[in-house]
Amino acid sequence: MELRRKRIWRFVLLALLCVTLVGGLCLWQQPKPLQATMVSDSENGAKVLVLNYHKIDHTFISLAVRPEDFDAQMKYLRDNGYHTITPDELYESLAGNGELPENPVLITFDDGYEDNYTNAYPILKKYGFKATIFVVTGFLDKHKKGYLSWDEAREMNKNGINIESHTVNHRSMTDLSDDELRMELVESKKKAEAELGHEVGYIAYPTGTYNLHIAQMVKEAGYKAAFTIKYGNVDKASNIYALERVPIFHTEETNKDFVERIRFQPVFESLGWMKN
């Protein structure tokens, strides 16, 4: 009897998931209001969606989301009641010192490609969205083709786009000595602060590699928080120096995959299928 009961319960869960998945597949073709808070908040508070982009252009690689797809994704967020936030707003909320808007989303870009200025920035302005770009400081203004200039970074920084650190040279941190790590962390922060004229408090790990020792060095270098490429949403149980993100790629069905990623992440977490 107990075995039968377990089988029935497992079937019910699978059926519910299938219904949710089928409904989600139609969302892009038939948009309707969708609450990011579709899954009730746990004791760890609201789950915050942090999107992770790289390039916004027509380069035929997975890291390059086409501008028209990016525009459609931003429209989807606006039409479905999402509100963009800054790293500071996320940090203060996690510390218990501030409240977030309904359906908060932090939009981030890694590396600091020039197309973030030429292609993504106008679209973000079109929808009145905030965003954050983690720049490799050693690549800006160094005649390295395809990356931002500091003038472009400063312009965006004055208009709702946070510019934060992605180290000096984009080297995998687990391959570096402590002295090399310290240089990458401290010098990128100092350079960005000198160029932007204000404190830089956040960093994204290059290639996503980190460990607890590196996280401690990030803290010692004066950063408030750090972002990984670990898949998941952020809540009060997250490690402030290993915050989760949801990566967005170019695929055969980019926009449908985008909807599925942000729609089902809370479902997977509520079922205990993913550690947030």
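Because the structure is a prediction, the values reported are computed rather than measured.

Basis of the calculations
Residues numbered from 1 in each chain as written. Predicted model: local features only at pLDDT ≥ 70, side-chain atom pairs only at ≥ 80, totals over all residues. Heavy atoms only, no water. Helix = DSSP H or I, 4+ residues; strand = E, 2+ residues; numbered from the N terminus. Buried < 20%, exposed > 50% of the residue type's maximum accessible area, 1.4 Å probe, protein only. Contact = heavy atoms within 4.5 Å. Areas by Shrake-Rupley, 256 points an atom, 1.4 Å probe, with all protein chains shown as cover. Axes fitted to C-alpha atoms, helices over the stretch in contact; angles between N-to-C directions. Parallel < 35°, antiparallel > 145°, perpendicular 65-115°, else oblique. Left-handed = near helix turned anticlockwise from the far one by under 90°. Nonpolar A, V, L, I, M, F, W, Y, C, P; charged D, E, K, R; others polar. Salt bridge = Lys/Arg side-chain N within 4 Å of Asp/Glu carboxyl O. Arc of directions from axis to C-beta. Polar contact = N/O pair within 3.5 Å; in protein donor to acceptor, adjacent residues only side chain to side chain.

Draft legend 1. Fine view of the overall build of the protein. In terms of helices and strands, the protein carries eight helices and eight strands. Every one of the 276 residues in the protein was classed for burial, and the buried ones make up 47%. Across the protein, the fraction of contacts at a sequence separation of at least 24, relative to all contacts at a separation of at least 6, is 67%. Accessible surface for the protein amounts to roughly 13,500 Å². Of this, 53% is attributable to carbon and sulfur atoms.

Draft legend 2. How the structure looks around the packing of helix α2 (residues 67-79) against helix α4 (residues 115-126). Two numbers describe how α2 lies on α4: the axes approach to 10 Å, and their chain directions differ by 25°. On the basis of their axis angle, the class for α2 and α4 is roughly parallel. The hand of the α2/α4 crossing is right-handed. Contacts between α2 and α4 involve P67, F70, D71 and M74 on the former and, on the latter, N119, A120, I123, L124 and K126. For the contact of α2 with α4, the per-class residue count stands at six nonpolar, one polar and two charged.

Draft legend 3. Main features of the environment of E253. Its place among the elements puts E253 in the loop between β8 (243-247) and α8 (254-270). Owing to a relative accessible area of 46%, E253 belongs among the partly exposed residues under this scheme. Spatially, the C-alpha atoms of E253 and D69 are 10.0 Å apart, while their sequence positions differ by 184 residues.

Draft legend 4. Local environment of the pattern of salt bridges. With the rule as written, the count across this model stands at 19 salt bridges. Of the charged contacts in the structure, one is a salt bridge between D115 and K55, with a shortest N-O distance of 2.9 Å. Within this pair, whereas D115 is found in helix α4, its partner K55 is found in the loop between β1 (49-53) and α2, the two being separated by 60 residues in sequence. K55 matches D115 in its accessibility class, with the two residues each being buried. One connected set of salt bridges, linked through shared partners, spans D151, R154, K191 and E195.

Draft legend 5. Up close: helix α7 (residues 212-220). For α7, the set of buried residues is I214, A215, M217 and V218. All buried residues of α7 fall inside an arc of 160° around its axis, so they share one side. Exposed and oriented more than 90 degrees from the buried face of α7 are L212 and E220. The secondary structure elements touched by the buried residues of α7 are α6 (178-196), β6 (202-204) and β7 (225-231). A side-chain oxygen of the first residue of α7 lies 3.1 Å from the backbone nitrogen of H213; this N-cap is N211.

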